[in-house]
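The residues making up each chain are set out below.
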Amino acid sequence: MTELRDGNGLAAAEKLYTQYGSRARELKASGKKVIGYLSALGPVEIMTAAGVVPIRLKGNVSEAISKGDAYMESIVCPFVRNVFDAAVKGKYDFLDGMVLPHQCDSIDRTNETWSYTLKLPYWHFLNVPHVTDDPSITFMKEILRIFIGTLEKFTGTKITDEAIANAVKAHNENRKLMRELYDLRKSNPPPISGTEMMKVLVAAMSLPVDESSALIKAVTKEVKERKPAAGKPAAKRIMLIGDQIDDVAVIEAIESAGAYLVMEDLSIGAKMYWEDVDATADPVQGIAERYLRKLKIPTTFVGSADTYEGILDERFGQMKKYVNEFKVDGAILFIYKYCDPYGFEVPAIKSYVEAAGAPVLYLEDEYSTSSLARVKTRIEAFLEMIA
Amino acid sequence: MAEEKKGRAVATTTAAKIPKFVRGNLSATLKAKEEGKKVAAAFIADGQDEIMRAMDIVPAWGESFSGVCAAKRDAEKYLQKAESDNFSRSLCTYATCNIGFDMMREELGGVAPEGAPWGGMARPDMMLGNGQLLCDPRFKWPQATQHYQRDVPVFVTNMYYPPWDPNVDHHDQEAIYVKYATEELRETVKFCEKVTGKKMDWDRLAATVELSDKTWDLFIDTYELRKHIPTPMDTGDAMNTMVPLTFNLGTQEAYDFYVDLKAELEQKIADGVGVANPEKYRVIWAAGLPSWFALGDFQYFNGKGVVFPVEVTYRGCEKIERLDLPKTNDPLEHIAWRWVRYWTHWYDAARKRPGSTPKVERIIEYIEDYKCDGAVFHSAFSCRSWHAGIMQQAATLKNVYKDLPILIMEGDIVDISSYNEADTHNRIDAFIETLAAYKKKQG
């Protein structure tokens, strides 16, 4: 990894962003086992406790799908297709295995396509439930124990509860550090751009937890030491909502139009970092509760409140909080085509966030820059509208 | 499932009773209020049928209604209504068609819009969803609908089975899954008791479950008559005759329907009557929901001597004895075992053939048992649940059968804008040519 020195955190993040997976490749060369995973449901605490290097997989929005379509239908989520295409092309040839958490149909229904095509030494489909009642927590613990068992078999090493508890602490610390960096974005103008922040988020998900924490600390220190920007205090403050947006293209489109991206509710961003794992006597209990009850993703059904308004608060309350705390002027809801989980939430999210005081631009698009010009035009028109 | 604009000739007279079944299910929701019954928006193959039937809850089947709209080529106005509130056209069109209808009904104060196919469906008192290993819309759809029917409670249960992994013996995990599914069904009962204000009659539930088991057995006995050459019934009919099993499970009417169908098929066999005359090629409908607006394509196949003696789609059951269910006095646990064992039924076979999968083993079993010469899949663009993974199934099948002709048709379940009849028939013609060459080669 690029050695972290004072003042080079953002440069290190930039390098890890542009050469995604480079650190995992280095660690693989040094004898470590590397496990790729998809989605915010990947239980990184357990992978860390197993001594493997977890890396969250991403695609490349600038690269057309050219090989994956020979194996996987074009009706599948464009993000999943793009990552699969990258894997088929060998971009992730350093992986020893993969974990596919059961997030959505696009992952669940293509599990066999992935595993039979890539033929990695280790494969696990983590059958995460869609509901959060008590039987589901018990079941989640069971399937996490099954997952632990398969990792033990693969690595040949027992994963102790103590190792899991230590990993929980390390990942909680990592989340706390990232939240501190997010806090800096509450200033006007924010001392870190949305583009820079995206590179940090992407870099962080490619590293072992301790290295990720060191990177975040270095970035935070560097950002804090920046002189207050002359900035454009009147520029609009935007929040981005969506699943795995992991490229700067859309953010550059927002910021080049004169706005600040000050917050997001993305599955690689705030969704990942806002809620910790509770320290519980059985560490798996805390992990089960965090991924099932605390993580706000649309494939986890929530609806226990007595009123519809209460249910919306349960599902999207964090977005309202962000609008207020980060003084958001407008939100962009960016949904991938063929995404049923997010697609069915659009009217509810739009009306909820608008009721919180932020007008919403809804965009449906591919995981690709091929339509970026159109997206940019829509964003510019939206910013003019809320000016 | 339903009649389309131009009436489709059916090969069995029993199948002609199906529109009455479908219409009856829709009208039952409209009559429920005056009969003092509660209506639940529900989904097929969710394991909740017997609970609803035993509690006199009237199911409002959204998938059925959207299928009727599609078959009548009358879905576009509902799809557009949903689209007007930002539901994408790439989402499940069963859902968006139904949501569009629900939006219109809400605007009319709960009254079905004028001209709704077969009178439409009533506003539900509850919505029952289900998180599964397929079909996210089964819990996202009710959640989305609640945005327009805010006072209607939604309950989502979770019914899983062990995921396929060639390196894991799923039997080791069955108990965990059965326990979870049983507890989730118990939660469903509690929710239904709360909404209806009635307690579950457990003896009635047990009797309903027993009737379902009998119906599963009878269904398979009936469908296995289609192994006969020439086949007395093909998939064009099966897309209709699945209705009692799929939408009326746990009712005497469903059981009686298959008694009649079985008798008719036995008579056809005795009389030597087949679907196609002559029957040239036998093909399996290997996966995919049909285009409800284009069921006439089955007749196009039949007219060229191609029959479908078997299909995976809507064959949502298996002979109970083949599932080897552990004995239990708890009807919910019985449903859970039946669920887990049905979905994992082809796992052991897949484990014996390296490189295979349970879905492919099921297709192989049917190809062998029903003596098929080729396979047709249908890929519906708006449905990932049943249609993602088809390419992998087809490729695996090719590894086993090498030259087996395979056709993957593309379209949708509800949205007719995806359909071009001339192109579809051209593709079918080309497929039939490969069938002819394959059969000649096979001798």
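Given the structure is predicted, the values throughout are model-derived calculations rather than measurements.

Trainee: How do you make sense of the overall build of chain B when you look at a structure like this?
Mentor: Each helix and strand counted, chain B has 19 helices and 8 strands in total. Since a compact globule built from 443 residues should have a radius of gyration of about 22 Å, the 21 Å found for chain B is in line with a globular shape. Once the C-alpha set of chain B is aligned to its principal axes, its extents read approximately 65 × 50 × 40 Å. Sorting the 443 residues of chain B into buried and exposed places 58% on the buried side.

Trainee: Can you walk me through the pairing of strand β7 (residues 374–380) of chain B in this structure?
Mentor: Successive side chains on a regular strand alternate, one facing one side of the sheet and the next facing the other. Residues and elements named next belong to chain B. The element β7 is largely enclosed, with a buried count of 7 among its 7 residues. In β7, alternate side chains face the same way, and those of Gly374, Val376, His378 and Ala380 on one face and Ala375, Phe377 and Ser379 on the other are all buried. Of the pairings in the sheet, the one linking β7 to strand β8 (residues 406–411) comprises 6 bridges and is parallel in character. The residue of β8 that forms the bridge with Ala375 is Ile406.

Trainee: Could you clarify how one ought to interpret unusual backbone geometry in this entry?
Mentor: As a rule of thumb, non-glycine residues mostly have phi less than zero, and peptide bonds are mostly trans rather than cis. Pro189 of chain A follows Asn188 of chain A through a cis peptide bond whose omega is 0 degrees. Examined against the element boundaries, Pro189 of chain A turns out to sit in the loop between α8 (161–184) and α9 (194–204). The phi torsion at Lys119 of chain A lies on the positive side, around 50 degrees, for a residue other than glycine. Its location among the elements puts Lys119 of chain A in the loop between α6 (111–118) and β4 (122–126). One non-glycine residue, Trp118 of chain B, adopts positive backbone phi at about 50 degrees. Tracing the backbone through its elements, the reader meets Trp118 of chain B in the loop between α5 (93–107) and β3 (126–131). Here Trp118 of chain B falls in the buried class, since 20 other C-beta atoms lie within 10 Å of it.

Trainee: Is there a simple way to think about the sheet that holds strand β6 (residues 260–265) of chain A in this case?
Mentor: Each strand in a sheet pairs with another by means of backbone hydrogen bonds, the pair being arranged parallel or else antiparallel. All names here are of chain A. The strand order across the open sheet built from 4 strands is β6-β5-β7-β8, with neighbouring strands paired in parallel fashion. Looking along the sheet, the strands with just one partner apiece sit at the ends: β6 and β8 (360–365). Direction aside, neighbouring strands of the sheet carry axes that sit 25 degrees apart on average. Across 4 bridges, strand β5 (residues 237–241) lies against strand β7 (residues 330–336) in parallel orientation. Bridge pairing links Ile238 to Gly330 in β7. Running at roughly 160 degrees to β6, helix α14 (residues 308–325) makes contact with β5 and β6 of the sheet.

Trainee: In this structure, what is going on with the packing of α9 of chain A against helix α10 (residues 209–224) of chain A? I would like to understand it.
Mentor: Helix-helix packing is characterised by the crossing angle of the two axes and by the distance between the axes. Residue and element names in this part refer to chain A. Running from amino to carboxyl end, α9 crosses α10 at an angle of 160 degrees, the nearest separation of the two axes being 9 Å. With respect to α10, the element α9 is oriented roughly antiparallel. You can see that α9 and α10 cross each other, and the crossing is right-handed. Here α9 contributes Val200, Ala203 and Ala204 to the contact with α10, which in turn contributes Ser212, Leu215, Ile216 and Val219.

Cut-off values and rules
- Residues numbered from 1 in each chain as written.
- Chains lettered and ligands numbered in written order.
- Predicted model: local features only at pLDDT ≥ 70, side-chain atom pairs only at ≥ 80, totals over all residues.
- Helix = DSSP H or I, 4+ residues; strand = E, 2+ residues; numbered from the N terminus.
- Rg over C-alpha atoms; globule rule 2.2 N^0.38 Å.
- Buried ≥ 20, exposed ≤ 12 C-beta atoms within 10 Å, placed from the backbone.
- Pairing = 2+ DSSP bridges.
- Axes fitted to C-alpha atoms, helices over the stretch in contact; angles between N-to-C directions.
- Contact = placed C-beta atoms within 7 Å.
- Parallel < 35°, antiparallel > 145°, perpendicular 65-115°, else oblique.
- Left-handed = near helix turned anticlockwise from the far one by under 90°.

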